[in-house]
Structure formats: C-alpha cells, structure tokens
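Per-entry structural report
Read off the chains here:
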Amino acid sequence: MLDRLIGAPAKAVEGNGHSADASGLILSVNDLATKKITAWQAVQLARDQKRPHALDIIERVFDRFQELHGDRGFRDDPAIVTGIGELDGRPVVVVGQQKGSSTEENIERNFGMPFPEGYRKAMRMYRLAAKFHLPLVTLVDTPGAYPGPEAEERGQAEAIAKSIETMTTLPTPIVAIILGEGGSGGALALGVGDVVLAMQNAIYSVISPEGAAAILFRSAGEAERAANALRLSAPELLSMGIVDGLIPEPEGGAHLDHDATGRNIKAALVAQLDRLARVPVGDLLTNRYERFRAIGSIVEPALDGSPPKAEPWWKRALRIRP
Amino acid sequence: MPFARGRKEFPSHLWTQCPTCGEMLFNKQLVRNLNVCLKCDHHFKLGARERLELIADKGSFLEIDRELSSGDPLGFVDSTPYPARILAAQTKSGEKDAIVCGTATVGGVPSVLAVMDFDFIGGSMGSVVGEKITRAAERALADRRALIVVSASGGARMQEGTLALMQMAKIIGALARLGEAGLPFVSVLTDPTTGGVLASFASLGDVILAEPDALVGFSGARVTAGTIGEKLPKGFQRSEFVLAHGFIDQVVPRSQLKERLAFLLGALRPAARDLRWSL
Ligand SMILES: [Zn+2]
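These numbers were taken from a predicted model, which means no experiment stands behind them.

**What to know about the overall build of chain B**
When helices and strands are tallied, chain B shows nine helices and 11 strands. Out of the 279 residues in chain B, the part that is buried amounts to 58%. A separation threshold of at least 6 residues defines the contact pool for chain B, and within that pool the share at least 24 residues apart is 67%. Here chain B has roughly 11000 Å² of accessible surface; of this, 54% comes from carbon and sulfur atoms.

Shown next as structure tokens:
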C-alpha cells in the first residue's frame, strides 16, 4: 500500500540514523533506527509545550504566508489558523490547529481545541483550495474538539462530520500532517488526505489516554497503561497503515530544534505535492477513497461450499463514478 | 430484550419499571406499544431486530454481511481481553457486532437499512460497524436504493484505537459518493447517539430524524459539565434541544417512524436515470 500511495519506490538513503526515501520520509517501522520510545514518552513529547506548533512550522516552511481569518458565520476561531503561503514558489492553502507555547498563549488559543466555527473556517479554506486548484496542507495538533456546552449548541458534531465529508471529496491534492497530538474526531476533521504523514513523535488516537483510563480502568492515573493499549504512537500508526510515512524529528524531539523540524517537513511536503500534482483529480479521489476504505480489521468467513463470487457488488460500486 | 433489567420487587421477566415516570409496566403490553411507556411516552431502547421489524415492509428484509466480525488489531486488554469481550457480547446478543444491515422495501421503496444495537458493547463503532455501513452505502449506490441508518451508539470503540476513528472517514467517503449520485440518505438518531457516530454519518443525512428525548451530543455530558464546572441546562443534548438548535429535522415518536420514513423516501426519489429504480 505504501508504494502505491507514496509513489516512487523508497530510495534508501542513510541519514540521521534511519534509512528513508529521498525526501527523508520514514516508510517502514524497520527503518526507525533510533531506539523506540514508549507510548507514554510519545504522549509527553507530542504534548511538549515547546514543541513547534502550526505557526512555528508555517513560518519555516512557507514563504510570504498570509493568514486569512473567519468562518463568515460566527467568529474567527483562534484555535485554527488558515491562510495561503508559497512552497517553493507555488501557492498552497494551509489549515492548522494552533496550540500555545505558554499558558497565556494557550488560553488565547483555547489549548488548540477548536469550536465548530473553527471547523467551518477550515471548510471555507478547503473549498477555496478546490476552487483555485491549490494544494491543501493541513497540520493536525489538538487534544480534541472543544467539549463545552456552547460548542454543542453550535453543532460541534455536525461541523466535524461536514469537515471530514468536505475533505473526502475535495478535488485538489491534500497532504495532512499529524504534527503533535491527534485527538480523536476533532483531529480527523483536518486529517483526511491523499497522503497522511505523522511526525516521528506524534500521537493519534480515538480517545485521550486519560479519557480511556477513566472509562476502562476507572482511574485517570492509569493513563500510561491506556496509552500503551491504544497503540497511538507514530510507528504504530505507520504499521497499521493509518499514516503513510513518518517525518523524522531531530535527535531528542522536535522541541529541541524547530528549524531542523521545519526543514524536514518542507522536504516531505515538496516531494509529496510534486508527486500528487501529476495525478489526475479523478484518480486522486479514487485513491483517497480506497486509502480510507481499506482501513479496519475484520474477519469474514468464506461461505462454505459456495463458489467465490467473481466480483463482489461493493467492488462494482467502487467503479461507478458520478 | 433491552428492557429486561427490571426491579426486584416485580419479576423482571414480566414487569419493567419506567425510568422516567416510575410506572411498573407489564412487558407484554410494553412490547405491544413498541417499547414506549404507556403512561409517559418514555422510549425504551429498541434492539436492531425489533427496529428492523418496525421499519421494513413485512417480509421484505434480506440480511447482508451477517458473518462479519471483528479482529483484535491492537491486542487490546483492559479488564478483559477484547476478543473475550466480543465473544461475550456475541453470545449474549446472538449478533456478530453492533449493527444489522440488509436490503428491504420501506413503504414500497427499495432501500438498504443499517441498524445499530446499543446492547452490543454500547453500540460502539469499530471496524465491523465501519465496514458494514460502508458496504450498505456502496450497495445502495450500486443498486440505486435509498439508505437508512439508525444510530444507537456511545461512539467509536476504544478497543480498536485509531482504526475505529478511521471508520468515520471511511463511512463518510461512501456516503459522499451516494450523495453525489443523487440517492437519499436518511439518518435516524435513537438513544443514545454520541461521540464519533454523531460526529460522522449520523449528522450527514439528507434528512435527520430523532426519537423523543434521545441523548444526542458530541461530548459526554460529564465531560461537558466538567469543562464548565457547573450544572448543564435542562434538556441539554436531548433530541428536542438539538432540534431547537437546528441540527436535526424532526423529533418523531416511534409509532410514527415507519410512516414518516416511507413518506420521505417516497418524496426523495432520485431522478429516474436508471431503470433498476423502477423495477
Ligand atoms: Zn413512563
């Protein structure tokens, strides 16, 4: 699956201790030469307040970035930043979740937890990208969508669902990067792409380890155990096919060297967008559909005695394009 | 039966106490009344099979993908290993997972039905629910049928981790294709419809109906209350609240659900581009 999605067979180059493809991307868990960190260490690294957040990355990866504001309906959500920047001279639409690097900044950014209007702003930018056929880059970094009552009243669930829907059918190339913390549906609302990459120390989970611990082990103190059970670290995500490649971080973690982190992300983005730009939009959408279509773990016993069907009806359905 | 957990004073196989008004209800009468309290109209949870019987035209339901069951992709262990948890739920319910799918006619309109069952691990959405709803949508697309999904779920299934989360994108991708082909999708929300289920397919119906007083919300009410550290407004995250805020079309009593679905499917027929539709 990786070959199909990532394109050219990985040209193994030895650098920074792992073998990777030409753009530096780690395509297989076996290529991770650095000592494996525990799930709980990954959680700490992914949440580190000094880790580069969306705007730190945008500043280092894109030239002449202009932030564009507002959902045109309610307000401008500071937990999601959107805009247009240039990558190697070509315009790109960027949408990212923004955490703060200090307590004050985090309060201002609502700790990176978007409201429905944040997702509606994101959708506005998705459509803008499609309208002008600009590639879309998303940066996922959130503990989750904001769970407060105002968010419920304004339709948090609807906003997330619509955001995912918009991405699944968006007729322009999308690269999604799990930058730090990928918290559940609130992260997935930015996470549907032709290629989904994760930073080497990022996490992505259906529920926070604390939340899972409270439900499964009746104690938030068991978060470390829950983190292990959830298999939420980037290498695990790669082995399950949830992400297509890992972007290497500097020794010790991205928080130690924002510039080097930015360079690695830029190299990965340039390589992926170069490749995706050559794929016709129809193929892009078919591949995007099949990429997510294939994810899951099911057991389906063969029907005893009956001959195998030549072509299941769902495959037939896949071929029908509107 | 979902209402089998009765109070001790009355033999639970004969009587059920209404959690809303406290009335002791004779089970036979309750079933005859579609599991709705005769005194206060409280809607008890309904199993997937009972729901199908209510919605599908008599004798028209043909089950599909019955044998799909879940793997254990994470090797997940909390108090019980995940495969043991699945097996227990399968033994108890007779179902392979938290959803039953099939083709049927509803008011004469050819449809695909996907009905969730809260009794199976809280109706949680893992790979099987994801795959079966996706196939249901693909089947509706291939045969140009309408799609009805009845939700009853606490959200994504933790024991399948991020794979469960990805089912949201998988299902929505299939629904988007159905929509592009001009085929109707009606979403029915029952008690409860929360978390990743509400934040994906359940919120994307061309028309969204909900049963009275069903819990419909993104975050658990405890989480939400904890966030603001105070009590929540009365009726918060109930069908009527969500209706008032504009996120569903109607609150429909169970006794009228079938009739309402039949009307909608009759009205929302796709343009007759394909002969299969009129067969
Ligand atoms: Zn009652």
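**As for the interface of chain B and chain A**
Contact residues are listed per partner, giving 61 residues for chain B and 59 residues for chain A. Between chain B and chain A lies a buried interface of about 5300 Å² when both sides are counted; carbon and sulfur atoms form 68% of it. For the chain B face of the interface with chain A, the top three residues by lost area are Met158(B), Arg177(B) and Phe218(B), together amounting to 14%. On inspection of chain B and its partner chain A, the count reaches three salt bridges. Between Arg293(A) and Glu131(B) there is a salt bridge; the shortest N-O distance is 2.9 Å. When residues of the side of chain B that touches chain A are traced back to their parent elements, those giving at least two are β4 (69-70), α4 (127-143), α5 (161-180) and α7 (221-228) of chain B. Counted by class, the side of chain B that touches chain A contains 29 nonpolar, 19 polar and 13 charged residues. Here two bridges tie strand β11 (residues 298-299) of chain A to β4(B), and the two strands are oriented antiparallel to one another. The residue of β4(B) that forms the bridge with Ile298(A) is Ser70(B).

**Remarks on the nonpolar core**
Counting residues in each nonpolar core, the largest one holds 142 residues, and the members touching the most others are Ile177(A), Leu147(B) and Phe201(B). Here this core gets 11 residues from one element, more than from any other, and that element is α5(B). Those residues in contact with Ile177(A) that sit more than four places away from it in its chain are Thr138(A), Leu139(A), Val140(A), Leu197(A), Met199(A), Ile247(A), Ile265(A) and Leu269(A). Counting residues in each nonpolar core, the second largest holds 24 residues, with Leu54(B), Ala104(B), Leu264(B) and Leu265(B) among its members.

**Section: the domain arrangement of chain B**
All names here are of chain B. As assigned here, chain B comprises domain 1 (10-44) and domain 2 (46-268). Between the C-alpha centres of domain 1 and domain 2 there is a distance of 24 Å. Opposite the five residues of domain 1 that make contact, domain 2 presents seven residues. Between domain 1 and domain 2, a total of about 540 Å² is buried, with carbon and sulfur atoms accounting for 58% of that surface.

**Some details on the coordination of the zinc ion**
The reference angle at a metal is 109.5 degrees if four donors form a tetrahedron and 90 or 180 degrees if six donors form an octahedron. Residues and elements named next belong to chain B. Here the zinc ion is held by Cys18 (SG), Cys21 (SG), Cys37 (SG) and Cys40 (SG), and the distances to it run 2.2 to 2.3 Å. Its four donor atoms give the zinc ion angles of 105 to 114 degrees at the centre, a pattern that matches the tetrahedral case. The sequence pattern describing where the donors of the zinc ion fall on their chain is C-x2-C-x15-C-x2-C. With Cys18 in the loop between β1 (15-17) and β2 (24-26) and Cys40 in the loop between α1 (27-32) and α2 (48-55), the pair connects residues that are 22 residues apart, well separated along the chain. Residue class for Cys40 comes out partly exposed when judged on its relative accessible area of 29%.

**Structural notes on the packing of aromatic side chains**
Residues and elements named next belong to chain B. Within the structure shown, the criterion is met by three aromatic pairs over all chains. Between the aromatic rings of Trp15 and Phe26, the centroid separation amounts to 5.2 Å while the plane-to-plane angle is 50 degrees, which identifies the pairing as tilted. Of this pair, Trp15 sits in strand β1 while Phe26 sits in strand β2, and the two are 11 residues apart along the sequence. Looking at Trp15, the relative accessible area reads 26%, which means it is partly exposed. You can call Phe26 partly exposed: its relative accessible area is 31%. Relative to Phe241, the ring of Phe236 has its centre 5.2 Å away and its plane inclined at 70 degrees; by these criteria the two rings are edge-to-face.

**Here we look at the pairing of strand β5 (residues 90-97) of chain A**
Residues and elements named next belong to chain A. Burial of β5 is extensive: six of the eight residues sit out of reach of the surface. Here eight bridges tie strand β4 (residues 80-87) to β5, and the two strands are oriented antiparallel to one another. Pairing of Ile80 across the sheet is with Gln97, part of β5. Joining the antiparallel neighbours β4 and β5 is a turn of two residues, in which Asp88 adopts a positive phi near 50 degrees. Of the strand pairs in this sheet, β5 and strand β6 (residues 136-142) are connected by four bridges, and their pairing is parallel. Each bridged residue has a counterpart across the sheet, and for Val95 the counterpart in β6 is Thr138.

**Notes on the confidence of the model for chain A**
Averaged over chain A, the pLDDT score is 89; the fraction of residues at 70 or greater is 87%. For residues 1-17 of chain A, every residue scores under 50 in pLDDT, and the model assigns this stretch 34 contacts once sequence neighbours within four places are set aside.

**Describing the pairing of strand β9 (residues 207-210) of chain B**
Residue and element names in this part refer to chain B. The two faces of β9 match: Val207 and Leu209 on one face and Ile208 and Ala210 on the other face are all buried. Direction of pairing for strand β8 (residues 185-194) relative to β9: parallel, over a ladder of four bridges. Bridge pairing in β9 places Val186 opposite Val207.

The rules behind the values
Residues numbered from 1 in each chain as written. Chains lettered and ligands numbered in written order. Predicted model: local features only at pLDDT ≥ 70, side-chain atom pairs only at ≥ 80, totals over all residues. Heavy atoms only, no water. Helix = DSSP H or I, 4+ residues; strand = E, 2+ residues; numbered from the N terminus. Buried < 20%, exposed > 50% of the residue type's maximum accessible area, 1.4 Å probe, protein only. Contact = heavy atoms within 4.5 Å. Areas by Shrake-Rupley, 256 points an atom, 1.4 Å probe, with all protein chains shown as cover. Buried area = accessible area lost by both parts, 1.4 Å probe. Salt bridge = Lys/Arg side-chain N within 4 Å of Asp/Glu carboxyl O. Nonpolar A, V, L, I, M, F, W, Y, C, P; charged D, E, K, R; others polar. Pairing = 2+ DSSP bridges. Core = buried A, V, L, I, M, F, W, Y, C linked by side-chain atoms within 4.5 Å. Domains from an automatic or database assignment. Donors = N, O, S within 2.8 Å, 3.2 Å for Na, K, Ca; no water. Tetrahedral: all angles 85-135°; square planar, octahedral: opposite > 155°, others 65-115°. Phe/Tyr/Trp six-rings, centres within 6.5 Å; stacked < 30°, edge-to-face > 60°. pLDDT = per-residue confidence, 0-100.

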